[in-house]
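Results of the structural survey
One letter stands for each residue in the lines below.
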Amino acid sequence: MINEIISMNGYGIYVWSAFSFTLMSFGSLFFVTKLQFLKERRKFVQKFGLLNGEAIKVAKSQKVNQKILEGVLSSKI
Amino acid sequence: MLKSFEPNKIFAITSRAPKYVLFLFIIVLSIGLTEALFLSPEDYKQSHSVRIMYVHVPSAWISLGIFSLIAFLSLVSFIFKNKNFSLISKSLAPSGFLFNIIALVTGAIWGKPTWGTWWAWDARITSMLILALFYSMYLLSWKIFRNEKQATKITSIIAILGVINVPIIKFSVDWWSTLHQTSSVKILSTTSIHISMLIPLAIMTAAFTLFSILIFLMKYNTELIKIKNKGLDRL
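Residues numbered from 1 in each chain as written. Chains lettered and ligands numbered in written order. Predicted model: local features only at pLDDT ≥ 70, side-chain atom pairs only at ≥ 80, totals over all residues.

1. Some points on the overall build of chain A
Each helix and strand counted, chain A has four helices and zero strands in total. Mapped from its N terminus to its C terminus, chain A presents α and β elements in the order α-α-α-α. Computed over C-alpha atoms, the radius of gyration of chain A comes to 23 Å, more than 25% over the 11 Å expected from 2.2 N^0.38 for 77 residues, which places it beyond the range of a compact globule. Overall, chain A is about 70 × 20 × 15 Å in size when its C-alpha atoms are taken along their principal axes. (Helix = DSSP H or I, 4+ residues; strand = E, 2+ residues; numbered from the N terminus. Rg over C-alpha atoms; globule rule 2.2 N^0.38 Å.)

2. Quick look at the overall build of chain B
The helix and strand tally for chain B stands at eight helices and zero strands. Counted from the first residue to the last, chain B has its helices and strands arranged as α-α-α-α-α-α-α-α. By the compact-globule yardstick of 18 Å for 235 residues, chain B fits well, its C-alpha radius of gyration being 19 Å. Projected onto the principal axes, the alpha-carbon positions of chain B cover approximately 65 × 40 × 30 Å. Considering chain B as a whole, with its 235 residues, one finds that 41% of them fall into the buried category. Within chain B, contacts between residues at least 6 apart in sequence are counted, and of these 78% link residues at least 24 apart. (Buried ≥ 20, exposed ≤ 12 C-beta atoms within 10 Å, placed from the backbone. Contact = placed C-beta atoms within 7 Å.)

3. So, the nonpolar core
Residues and elements named next belong to chain B. By size, the foremost hydrophobic cluster in this structure holds 68 residues, and its most contacted members are Ile52, Phe67, Ile70 and Met204. At 15 residues, helix 8 (residues 195-234) tops the list of elements feeding residues into this core. Setting aside residues no more than four positions away along its own chain, Ile70 makes contact with Ser89, Leu92, Ala93, Gly96 and Ala159. (Core = buried A, V, L, I, M, F, W, Y, C linked by C-beta atoms within 7 Å.)

4. Considerations on the interface of chain B and chain A
On the side of chain A, 33 residues touch chain B, which itself brings 35 residues to the contact. Looking at the side of chain B that touches chain A, the elements that each hand over two or more residues are helix 1 (7-14), helix 4 (83-115) and helix 8 of chain B. The element contributing the most residues to the side of chain B that touches chain A is helix 8 of chain B, with 12 residues. For the side of chain B that touches chain A, the per-class residue count stands at 20 nonpolar, 10 polar and five charged. (Nonpolar A, V, L, I, M, F, W, Y, C, P; charged D, E, K, R; others polar.)

5. Description of unusual backbone geometry
Among all residues save glycine, negative phi is the norm, and among peptide bonds the norm is trans. Residues and elements named next belong to chain A. Phi angles above zero are rare outside glycine, and Met8 is one such case at about 45°. Along the chain, Met8 turns up in the loop between helix 1 (2-7) and helix 2 (12-49). Residue Met8 is classed as partly exposed on the basis of its C-beta count, with 18 C-beta atoms lying within 10 Å. Unlike most non-glycine residues, Asn9 shows phi in positive territory, near 55°. Within the secondary structure layout, Asn9 lies in the loop between helix 1 and helix 2. Residue Asn9 is classed as exposed on the basis of its C-beta count, with 11 C-beta atoms lying within 10 Å.

6. Quick word on the packing of helix 3 (residues 53-80) of chain B against helix 8 of chain B
All names here are of chain B. Contact geometry of helix 3 with helix 8 gives a least axis separation of 9 Å together with a crossing angle of 45°. Looking at the two axes, helix 3 sits oblique to helix 8. In terms of crossing hand, the pair formed by helix 3 and helix 8 is right-handed. Mapping the contact onto sequence places Met53, Tyr54, Val55, Val57, Pro58, Ser59, Trp61, Ile62 and Ile66 in helix 3 and Pro200, Leu201, Met204, Thr205, Phe208, Thr209 and Ser212 in helix 8. Here the residues of the contact of helix 3 with helix 8 sort into 12 nonpolar, four polar and no charged. (Axes fitted to C-alpha atoms, helices over the stretch in contact; angles between N-to-C directions. Parallel < 35°, antiparallel > 145°, perpendicular 65-115°, else oblique. Left-handed = near helix turned anticlockwise from the far one by under 90°.)

7. Quick word on the confidence of the model for chain A
Model confidence for chain A is summarised by a mean pLDDT of 86, while 92% of its residues fall at 70 or above. Looking at the elements of chain A, mean pLDDT is at its lowest for helix 4 (residues 63-76) of chain A, recorded as 71, and at its highest for helix 2 of chain A, recorded as 95. (pLDDT = per-residue confidence, 0-100.)

This is how it looks when you write it as structure tokens:
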């Protein structure tokens, strides 16, 4: 039964390699995109931390900035 | 209407959506893989090699769909000078390119047992390769041109020129005598594929669409944070 699933009448090598390539490509793109996202968000948090009094007020007034910081907090919980 | 596409309004949704899309994608993909690899019947001519169709065909469809969408958004962004549309196009491109590569590679793997060759300079395959070149040029232009206005202009031109290739890909099998078979799934006329194969194909297409939405959302959020990082530099 298992041998049948693996060999697929001699076509197994083609079928399994096509599916493996697809899934590995998905995994690679997902992790690369995730890493890029985390890198940019880390940069944002670092830059935000370096702001002084008035600049913090201006930055905090923007909804997107608040959302990015909220995201950092919720991902740490 | 265009104001509702402002990043500030969209981010509230796009920042939360990826985890739900990922969850849905895993469920739909699991069902799709079970159907495609174990439950769907083998073909009377191609035997089990027909299962490659479940990754090859949705990838080709999605890569064509995404490129058409990129071209449309580029045109809109060009006319209305809306930056967010070019940001959306830029975020769509990586998954479109990946699906294009998957379609080419799985097509080559499928070609060996059915045609006896990995590659042929056939109209359909060659036009898909040209699409991959357009995707590469599009993605590289965003990397090469640091000036945002210049990059938007050049990538829009590439997308608008590249979309001419989309109908060529679609009709290449009808216009020329190709090694590649004609379409089995048709919207306007009778589909020649059996329902037992159509269902897994539809499920895999849904799973691949969810994956491209997931990557788009993650990429869009990254691009938006990049813009906000530049904004912080100016404060």
